[in-house]
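# What the coordinates show
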Amino acid sequence: MIGIVSYGSYIPKFRIRVEEIARVWGEDAEKIKGGLGVYEKSVPGMDEDAATIAVEAAREAISRVSIDPSEIGAVFVGSESHPYAVKPTATIVGEAIGVGNDYFSADLEFACKAGTAGMQICYAMVKAGMIKYGLAIGSDTSQARPGDALEYAAAAGGAAFIIGNDPIAEIEATYSYTSDTPDFWRRDLQPYPSHGGRFTGLPAYFRHVTSAARGLMEKHGYKPDDFDYAVFHMPNAKFPVRAAKMLGFSTEKINQGLVVRAIGNTYSGSSLLGLCATLDVAEPDERILLVSFGSGAGSDAFAIRVTDRIEDYPREPAVWDKIERKVYVDYAIYLKHRRKIKA
């Protein structure tokens, strides 16, 4: 039985409201909130990036279990905002948490699904007997051009998962659906991404998310009723709600993990933070459907069953408690934190 042995999350304390961004650009905040279902988003501090967020999430995951960091045989960090173009983030994490030197390590990039790709790799390596534990992280400080529609949701945050035997949540099955769909991209050395507007919906997000979920259920004999919770990638609050309905899941099954309304789209951390929030309340034998999405494009789907070990697992502070710990900033401070303006 292989799966999630421990998990950790990190959300920067700073927030900016949709009203504040809309005020600067002369737009209708109520219309934007109604369209996106997002009311505010997290903003990284001046000294926070994808590496520091990954380290904080990893430290929490380790602190919750009695695992010697040297037993972690692989560290994978998925992000589309790695702080270095040539210098791995994963080695920074490994050094910071005291893994040692005898471990596999790599940075992953597949838009917003790189973190779940790391989970799949760790799962396979543990299953193959190559490692005892693997650490998979999704962490981002997402980019958005000032004035672009992305600016209302592009946020910061991350989550870390230790994968191994005797888990608190077993990974029963995983399935991926992939195609070459150019819905969202950022060229090398370009500071901000470009996107296909409405093309990012049906041909990209909905096609891949629903295909991955259906593929998993058809291949392994699941039905929507077999799952107590569902977590989908959250570029906004409208897309996952619609995907849930398309797949036959009630809104109640996704509400616990729908963190995007309060913190925005944390990209590689998005579906993983939703999973953390769901694990915070899940009970033994409850089952969770997790489906990530990465532009370009692909989705990873997981069937996760909570085990009895969750009852003795320390789940505080919960993700929703962290969401409530916040300090609001205005647009000028937001620009400074995002280093869009410099002294």
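This write-up is about the structure you can find in this document.

Cut-off values and rules
- Residues numbered from 1 in each chain as written.
- Predicted model: local features only at pLDDT ≥ 70, side-chain atom pairs only at ≥ 80, totals over all residues.
- Heavy atoms only, no water.
- Helix = DSSP H or I, 4+ residues; strand = E, 2+ residues; numbered from the N terminus.
- Contact = heavy atoms within 4.5 Å.
- Expected span 1.5 Å × (residues − 1).
- Buried < 20%, exposed > 50% of the residue type's maximum accessible area, 1.4 Å probe, protein only.
- Core = buried A, V, L, I, M, F, W, Y, C linked by side-chain atoms within 4.5 Å.
- Salt bridge = Lys/Arg side-chain N within 4 Å of Asp/Glu carboxyl O.
- Pairing = 2+ DSSP bridges.
- Axes fitted to C-alpha atoms, helices over the stretch in contact; angles between N-to-C directions.
- Arc of directions from axis to C-beta.
- Polar contact = N/O pair within 3.5 Å; in protein donor to acceptor, adjacent residues only side chain to side chain.
- Patch = residues over 30% accessible without salt bridge, like charges linked within 9 Å, V, L, I, M, F, W, Y side chains within 5 Å.
- Areas by Shrake-Rupley, 256 points an atom, 1.4 Å probe, with all protein chains shown as cover.
- Lys, Arg positive; Asp, Glu negative; His and termini not counted.
- Charge placed at Lys NZ, Arg CZ, Asp CG, Glu CD.
- Parallel < 35°, antiparallel > 145°, perpendicular 65-115°, else oblique.
- Left-handed = near helix turned anticlockwise from the far one by under 90°.

Looking at the secondary structure, you find Val-241 in helix H7 (residues 238-247). With residues near it in sequence (within four places) discarded, Val-241 still touches Thr-251, Ile-254, Leu-258 and Arg-261.

Turn by turn, an α-helix covers 3.6 residues, leaving residues three or four places apart pointing in a common direction. The terminal C-alpha atoms of helix H5 (residues 114-127) lie 20 Å apart, and with 14 residues this matches the ideal 20 Å at 1.5 Å per residue to within 8%. Extensive coverage of H5 is indicated by the burial of 11 of its 14 residues. When H5 is considered as a whole, its buried residues turn out to be Ala-114, Gly-115, Thr-116, Ala-117, Gly-118, Met-119, Gln-120, Cys-122, Tyr-123, Met-125 and Val-126.

With that settled, consider the nonpolar core. Within the largest apolar cluster, 110 residues are counted, with the highest numbers of intra-cluster contacts made by Ile-4, Val-93, Leu-135, Phe-161 and Phe-232. Broken down by element, this core gets its largest block of residues, eight residues, from helix H6 (residues 201-220). In this structure Phe-161 touches Ile-4, Ser-6, Tyr-7, Met-119, Gly-134, Leu-135, Ala-136, Leu-272, Leu-275, Cys-276 and Leu-279, once residues within four positions along its chain are discounted. Judged by nonpolar contacts, the second largest core, of six residues, contains Cys-112, Ala-144, Leu-150 and Ala-154.

Turning to the environment of Pro-167, a few remarks are in order. Along the chain, the position of Pro-167 falls in the loop between strand S7 (156-165) and strand S8 (169-178). Note on Pro-167: relative accessible area 0%, which makes it buried. In this structure, the C-alpha to C-alpha distance between Pro-167 and Thr-307, residues 140 residues apart in sequence, is 7.1 Å. Ignoring any residue separated from it by four or fewer positions in sequence, one finds Pro-167 in contact with Met-1, Ile-2, Gly-3, Ile-4, Val-5, Thr-307 and Arg-309.

A separate point is the pattern of salt bridges. A side chain of one charge can pair with a side chain of the opposite charge when the charged atoms of the two come close. All told, the structure shown has 14 salt bridges when counted by the stated rule. The partner of Arg-305 in a salt bridge is Glu-172, with the nearest N and O atoms 3.6 Å apart. Taken as a pair, Arg-305 in strand S13 (residues 298-306) and Glu-172 in strand S8 lie far apart in primary sequence, 133 residues in all. Residue class for Glu-172 comes out partly exposed when judged on its relative accessible area of 24%.

Okay, the sheet that holds strand S11 (residues 229-232) next. As summarised here, the arrangement of the nine strands in space is S5-S4-S6-S7-S1-S8-S13-S12-S11, forming an open sheet in which the pairing is mixed. Since the sheet does not close on itself, it has two edges, and those belong to strand S5 (104-108) and S11, each with one partner. Neighbouring strand axes in the sheet, compared pairwise and without regard to direction, differ in orientation by 25 degrees on average. This element, H6, spans S8, S11, strand S12 (287-291) and S13 of the sheet and lies at about 130 degrees to S8.

To continue, consider helix H2 (residues 29-36). When H2 is considered as a whole, its buried residues turn out to be Ala-29, Ile-32, Lys-33 and Leu-36. Along the long axis of H2, the arc covered by the buried residues comes to 95 degrees, so they all point the same way. H2 presents Glu-30 and Lys-31 as exposed residues on the side facing more than 90 degrees away from its buried surface. Elements that come into contact with the buried residues of H2 comprise helix H1 (18-25) and H7. Between the side-chain oxygen at the start of H2 and the backbone nitrogen of Glu-30 there is a gap of 3.1 Å, and the oxygen is on Asp-28.

Time to look at a negative patch on the surface. Negative charge collects at one region of the surface, where Glu-283, Asp-308, Glu-311 and Asp-312 lie side by side. Tracing the sequence through the fold places Glu-311 in the loop between S13 and helix H11 (319-324).

This next bit is on the sheet that holds strand S3 (residues 40-43). What the three strands build is an open sheet, ordered S3-S2-S14; its pairing is mixed. Both edges of this open sheet fall to S3 and strand S14 (327-328), since each of them pairs with a single strand only. Both strand S2 (residues 14-17) and S14 contribute to a ladder of two bridges, which runs parallel. Bridge assignment links Arg-15 to a residue of S14, and that residue is Tyr-328.

Bringing the packing of H1 against H2 into the picture now. Between H1 and H2, the shortest axis-to-axis distance is 9 Å and the interhelical angle comes to 130 degrees. Classified by the angle between their axes, H1 and H2 sit oblique to one another. Between H1 and H2 lies a crossing whose hand is right-handed. Note on element contacts: H2 touches H1 through Ala-29, Glu-30, Ile-32 and Lys-33, opposite Val-18, Glu-19 and Ala-22.

We now examine the side chain of Glu-40. Its location among the elements puts Glu-40 in strand S3. In this structure the side chain of Glu-40 is engaged in a polar contact, spanning 3.0 Å, whose partner is the side chain of Lys-326. A polar contact of 2.7 Å, which involves the side chain of Glu-40, links it to the side chain of Tyr-328.

Running from N to C, H6 and H7 cross one another at 45 degrees; their axes reach a closest spacing of 10 Å. In this view, H6 runs oblique relative to H7, as classed from their interaxial angle. For H6 against H7, the interelement crossing comes out right-handed. Packed against H6, whose contacting residues are Gly-201, Leu-202, Tyr-205, Phe-206, Val-209, Thr-210, Ala-213 and Arg-214, the element H7 presents Phe-239, Pro-240, Arg-242, Ala-243, Met-246 and Leu-247 at the interface.

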